[in-house]
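Examination of the molecular architecture
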Amino acid sequence: MSQSSGLAGQAGSISPALATSAVKANTRMLAIDALRGFVMLLMLIDHVRETFLLHRQVTDPIDALSVTPDLYFTRMLSEICAPVFIFLTGLSAWLYSQKHTASETSVFLLKRGFFLVFLEITFVCFAWNAEFPPKTLWLQVIWCIGICMIVLAGLLHFKRSWLIVLGLAIVAGHNLFDNVVVGPESPFYVPWSILHQKVFIDITEFTRARTTYPVLPWIGVILLGWAIGPWFGKDIDPAERISRLVKLGAGLLVAFVFIRYLNVYGEKPWVQTGDSLRTFMSFMSAKKYPPSLMFLMPTLGLGLLLLALFEKLQDRWSTATLAIYGGAPMFFYLLHLYVLKAMYLVAVAIWGANQGAYYGFDNLPTVWLWSAILGVLMFFPTRWFASLKQRRRDIAILKYL
């Protein structure tokens, strides 16, 4: 959801059929947009849940012993979103660099990164809070992507091999710092909280910030996305690329099962419950804020497999349709947040708080129903904006949305 038109690919055409014909010569870009569009729709389901099912909130990691299976698996579907978004940001930045110098790429990432940070603490935060000035600045995924882009702007000048080593070291090793807790009295409280500690930070007497997305592990993810970029070079045969993606994705899933089974690193221990379903839920439950190694391995592995699948199915109407959602990611993101907030405020005004302090749906199927309705309805403005972005490249601000 964070890429510009240069980073987002070429899915912004007027119809799925035209989208397919426009990108047949560049199926790698269609696959990237299709994957982004797919996870954006999963994100929509999760945000409908967060808007209208607040009375059934889940913990992080999900408590597999108490959460009902239907809510558990609904939440788990969205776990792939942030890893894929940030990984594709790194990959798309590499693709952008193939038509620009390293300095031009750095400048673009810096400007785009600071723009995303600005969006998070203004328009995105207001969409969640509907408060001005806000009592809490929620530093979430848009902020995180912005910070990661700013970091990548500096690190991309180093050798690719160094970035691979650094990315792997961060993703695999950051859990060693899980027990490092820094208090507000320390001068390192703010930087460490931004990097690896989910806390509230007092800014003024009236405003505080919440580091919902500590950025350190995500920096590792964006570096790995950049590092995989050469696989998407024009000289790489698509069949070879698909084979590599499948092998790496499957390898991550196998490694996850092996390491998770050992129960020694990268996540709080899973437990044998005597119930096979609950045991499986415990096995799969992993911390997202910040993301543990056991969170990132299966989500990135699945993301790579889906990327291979969408490239293999690039002639399908469904792939081109998903690519249209992924061709205007920031527009879709902002639009769906404001639509959901408007729906919630209207519902409260009409029916009041029917679930304790909140207005909420009585059951989970209603969340799925409204997610499907909104997904269809928002296709049309998203398609319009994606098309506008392709036609009017002279309007600089459009590439930031």
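For clarity, every value in this text was computed on a predicted model and none was experimentally measured.

As a further point, take the nonpolar core. Judged by nonpolar contacts, the single largest core of 112 residues is most densely connected at W218 and F232. For this core, the element with the highest residue contribution is helix α3 (residues 27-52), accounting for 14 residues. Setting aside anything within four residues of it in sequence, one finds W218 in contact with A82, P83, I86, C144, C148, Y213, K288, P291, F295 and L296. Counting residues in hydrophobic clusters, the runner-up holds six residues, among them A328, F385, A386 and L398.

Counting across every chain of the model gives zero disulfides. Among the cysteines around C125, which has no disulfide bond, C144 carries the closest sulfur, lying 16 Å off. Classification of C125 as buried rests on a relative accessible area of 1%. Unpaired in this structure, C144 has its nearest cysteine sulfur neighbour in C148, at a distance of 4.1 Å.

Before going further, it helps to spend a moment on the sheet that holds strand β1 (residues 136-138). Strand order across the open sheet formed by three strands is β1-β3-β2, with mixed pairing between neighbours. The two strands at the open ends of the sheet, each matched to only one other strand, are β1 and β2 (200-202). Averaged over all pairs of adjacent strands, the angle between strand axes in this sheet comes to 25°, irrespective of strand direction.

Moving on to a nonpolar patch on the surface. Side chains of F118, F123, F126, F132 and Y338 sit close together on the surface and give an oily, nonpolar patch of about 560 Å² of accessible area. Among the elements that make up the nonpolar patch, the one with the highest residue count is helix α6 (residues 102-129) (three residues). Judged by relative accessible area, F123 falls into the partly exposed class, the value being 44%.

So, about the packing of helix α11 (residues 238-262) against helix α13 (residues 293-312). For any two helices packed against each other, one specifies the crossing angle of their axes together with the interaxial distance. Interhelical geometry of α11 versus α13 gives an angle of 155° and a closest axis separation of 8 Å. By the criterion of interaxial angle, the relationship of α11 to α13 is roughly antiparallel. α13 is crossed by α11, and the crossing has left-handed handedness. When its residues are assigned to classes, the contact of α11 with α13 shows 20 nonpolar, two polar and four charged.

The next thing to look at is the UniProt feature "domain: Heparan-alpha-glucosaminide N-acetyltransferase catalytic" (unreviewed entry) in the protein chain. In the numbering used here, UniProt assigns the feature "domain: Heparan-alpha-glucosaminide N-acetyltransferase catalytic" (unreviewed entry) to residues 28-236. Overall, residues 28-236 shows 61% helix and 4% strand. The separation of its end C-alpha atoms is 10 Å.

Our focus in this paragraph is the packing of aromatic side chains. Pairs of aromatic rings are described using the distance from one ring centre to the other and the angle between the two planes. Throughout the structure, instances matching the rule amount to 22 aromatic pairs. For the pair F379 and F380, a centre-to-centre distance of 5.5 Å together with 85° between the ring planes defines the contact as edge-to-face. Given the relative accessible area of 10%, F379 is considered buried. Among the aromatic side chains, those forming a connected cluster through ring pairs are F52, Y344, W351, Y359 and F361. The ring centre of F200 lies 3.6 Å from the NZ or CZ of R208, which sits over that ring. Its end group placed over the ring of F200, R210 keeps NZ or CZ at 4.4 Å from the ring centre.

Relative to the helices and strands, T122 resides in helix α6. We classify T122 as partly exposed; its relative accessible area is 27%. In this structure the C-alpha to C-alpha distance between T122 and F132, which are ten residues apart in sequence, comes to 9.3 Å.

Conventions and cut-offs
- Residues numbered from 1 in each chain as written.
- Predicted model: local features only at pLDDT ≥ 70, side-chain atom pairs only at ≥ 80, totals over all residues.
- Heavy atoms only, no water.
- Core = buried A, V, L, I, M, F, W, Y, C linked by side-chain atoms within 4.5 Å.
- Buried < 20%, exposed > 50% of the residue type's maximum accessible area, 1.4 Å probe, protein only.
- Helix = DSSP H or I, 4+ residues; strand = E, 2+ residues; numbered from the N terminus.
- Contact = heavy atoms within 4.5 Å.
- Disulfide = S-S within 2.5 Å.
- Pairing = 2+ DSSP bridges.
- Axes fitted to C-alpha atoms, helices over the stretch in contact; angles between N-to-C directions.
- Patch = residues over 30% accessible without salt bridge, like charges linked within 9 Å, V, L, I, M, F, W, Y side chains within 5 Å.
- Areas by Shrake-Rupley, 256 points an atom, 1.4 Å probe, with all protein chains shown as cover.
- Salt bridge = Lys/Arg side-chain N within 4 Å of Asp/Glu carboxyl O.
- Parallel < 35°, antiparallel > 145°, perpendicular 65-115°, else oblique.
- Left-handed = near helix turned anticlockwise from the far one by under 90°.
- Nonpolar A, V, L, I, M, F, W, Y, C, P; charged D, E, K, R; others polar.
- UniProt positions renumbered as here; feature names shortened; annotations may be inferred.
- Phe/Tyr/Trp six-rings, centres within 6.5 Å; stacked < 30°, edge-to-face > 60°.
- Lys NZ or Arg CZ within 6 Å of the ring centre and 35° of its normal.

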